[in-house]
Amino acid sequence: GLATAMARLVLTAGPPGGAPTRLAWVEPLPDYAGPDTPPWRVACHPERVLPYRPDVKHTNRLAHAVALRRARERGLDDALLVHPDGWVLEGTASNLFFFEADTLHTPALECGILAGITRDVVLEIAPGTGFRTVEGRYPPAIVAAADECFATFTSAGVRPIAEIDGQSFPAPVPGPRVQR
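Residues numbered from 1 in each chain as written. Predicted model: local features only at pLDDT ≥ 70, side-chain atom pairs only at ≥ 80, totals over all residues. Heavy atoms only, no water.

J.: Whenever I open this one, the layout of surface pockets confuses me. Can you help?
T.: Empty pockets left among the atoms are what a rolling probe the size of a water molecule brings to light. One number sums up the size of the second largest pocket: a volume of about 160 Å³. Breaking the lining of the second largest pocket down by element, the ones donating at least two residues are α2 (117-125) and α4 (176-179). Across the lining of the second largest pocket, the residue classes break down as nine nonpolar, one polar and two charged. (1 Å grid on protein atoms, 1.4 Å probe; cavity = no way out; pocket = protein on both sides within 12 Å on 5 of 7 lines; lining within 4 Å. Points joined across faces, edges and corners; volume = space filled by probe spheres on them. Helix = DSSP H or I, 4+ residues; strand = E, 2+ residues; numbered from the N terminus. Nonpolar A, V, L, I, M, F, W, Y, C, P; charged D, E, K, R; others polar.)

Laid out in structure tokens, this is it:
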């Protein structure tokens, strides 16, 4: 009965000696998936996070849930997870991108992030819109000093980021590169 929704599919090993357990549920798209959602305000989660198995899409994301809850308690929209070695990984349910001039940067898969579907699409189409793409390891200060920043979600596409750790990006947000 939902006009727009998101389906989640779960497969477990099942009980010992038994068949795998399959579960599917449908839920409304999150509030932030709407086109009129304002740009996000985020902060780096103060606790460093070791990446989970990024090669496996799973639901064991307790550190992500804790980071999101703490960000929301501070009145923010999301948290950015940071590796113990000091580089930004991803949002709690998103991939991160930022611009320096006409170069689009994103954390590399080797950092231990999930290869998001929308992340892959952005990396595929960016060169055709005039942007060079670079995947790497970036400390929070480099990301916060960027010209423009956004997150990608399967459920919400591209979400502009207006602020990281209380530091605002230059107006307007979204900027012209994120809009392109």
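Moving on from the model shown.
J.: Sorry if this is basic, but what is going on with unusual backbone geometry here?
T.: Glycine aside, residues mostly have negative phi, and peptide bonds are mostly found in the trans state. Of note, the bond from Ala171 into Pro172 is cis; its omega dihedral lies within 30 degrees of zero at -5 degrees. By secondary structure assignment, the location of Pro172 is in the loop between β11 (167-168) and α4. Cis geometry is adopted by the peptide bond preceding Pro174, which originates at Val173 and carries an omega value of 5 degrees. Examined against the element boundaries, Pro174 turns out to sit in the loop between β11 and α4. Even without being glycine, Asp165 reaches a positive phi, approximately 50 degrees.

J.: Please clarify how the side chain of His105 should be interpreted in this entry.
T.: Topologically, His105 is positioned in strand β7 (residues 103-107). Given a relative accessible area of 9%, His105 falls into the buried group. At 3.1 Å, the side chain of His105 and the side chain of Glu100 are in polar contact. In contact with His105, other than residues within four places in its own chain, are Leu96, Phe97, Phe98, Glu100, Val134 and Tyr138. (Buried < 20%, exposed > 50% of the residue type's maximum accessible area, 1.4 Å probe, protein only. Polar contact = N/O pair within 3.5 Å; in protein donor to acceptor, adjacent residues only side chain to side chain. Contact = heavy atoms within 4.5 Å.)

J.: What's the story with the pairing of strand β8 (residues 132-136) in this structure? I'm lost.
T.: Bridge count for β7 against β8 is five bridges, and the pairing is parallel. Residue pairing across strands places Pro107 opposite Gly136, the latter belonging to β8. (Pairing = 2+ DSSP bridges.)

J.: When you look at the pattern of salt bridges in this model, what are you seeing that I'm missing?
T.: Following the criterion strictly, the structure yields seven salt bridges and no others. The residue Arg8 makes a salt bridge to Glu27 at a minimum N-O spacing of 3.2 Å. Taken together, the positions of Arg8 in strand β1 (residues 5-12) and Glu27 in strand β2 (residues 21-28) put the pair 19 residues apart, joining distant regions of the chain. A salt bridge links Glu163 to Arg41, with the shortest nitrogen-to-oxygen separation between them at 3.5 Å. In this pair, Glu163 sits in strand β10 (residues 157-164) while Arg41 sits in strand β3 (residues 40-44), placing the two residues 122 residues apart along the sequence. (Salt bridge = Lys/Arg side-chain N within 4 Å of Asp/Glu carboxyl O.)

J.: Sorry, what's going on with the nonpolar core here?
T.: It is characteristic of soluble globular proteins that their nonpolar side chains tend to be buried jointly. With 19 residues, the main nonpolar core has Leu80, Leu96, Val143, Cys149, Ile161 and Ile164 as its most contacted residues. Elements that contribute at least two residues to this core include exactly β3, β4 (78-82), β6 (95-100), α3 (140-144), β9 (148-153) and β10. Discounting residues that sit within four places of it in the chain, Leu80 has contacts with Val42, Ala43, Cys44, His45, Val88, Glu90, Gly91, Leu96 and Ile164. Membership of the second largest hydrophobic core comes to 12 residues, among which are Ala67, Ala71, Ala79 and Ile113. (Core = buried A, V, L, I, M, F, W, Y, C linked by side-chain atoms within 4.5 Å.)

J.: Would you explain the side chain of Thr92 in this entry?
T.: Considering the arrangement of structural elements, one finds Thr92 in the loop between β5 (88-91) and β6. Here Thr92 falls in the buried class, since its relative accessible area comes to 7%. Separated by 2.5 Å, the side chains of Thr92 and Asp78 make a polar contact. The residues contacting Thr92, other than those within four sequence positions of it, are Arg61, His64, Ala67, Leu68, Asp78 and Ala79.

J.: Quick question: what am I supposed to make of the environment of Val158 here?
T.: By the element assignment, Val158 lies in strand β10. Judged by relative accessible area, Val158 falls into the partly exposed class, the value being 37%. When the C-alpha atoms of Val158 and Ser94 are compared, they prove to be 9.5 Å apart, with 64 residues separating the residues in sequence. For Val158, the contacting residues outside a window of four places in its chain are Val122, Phe150, Ala151, Thr152 and Val178.

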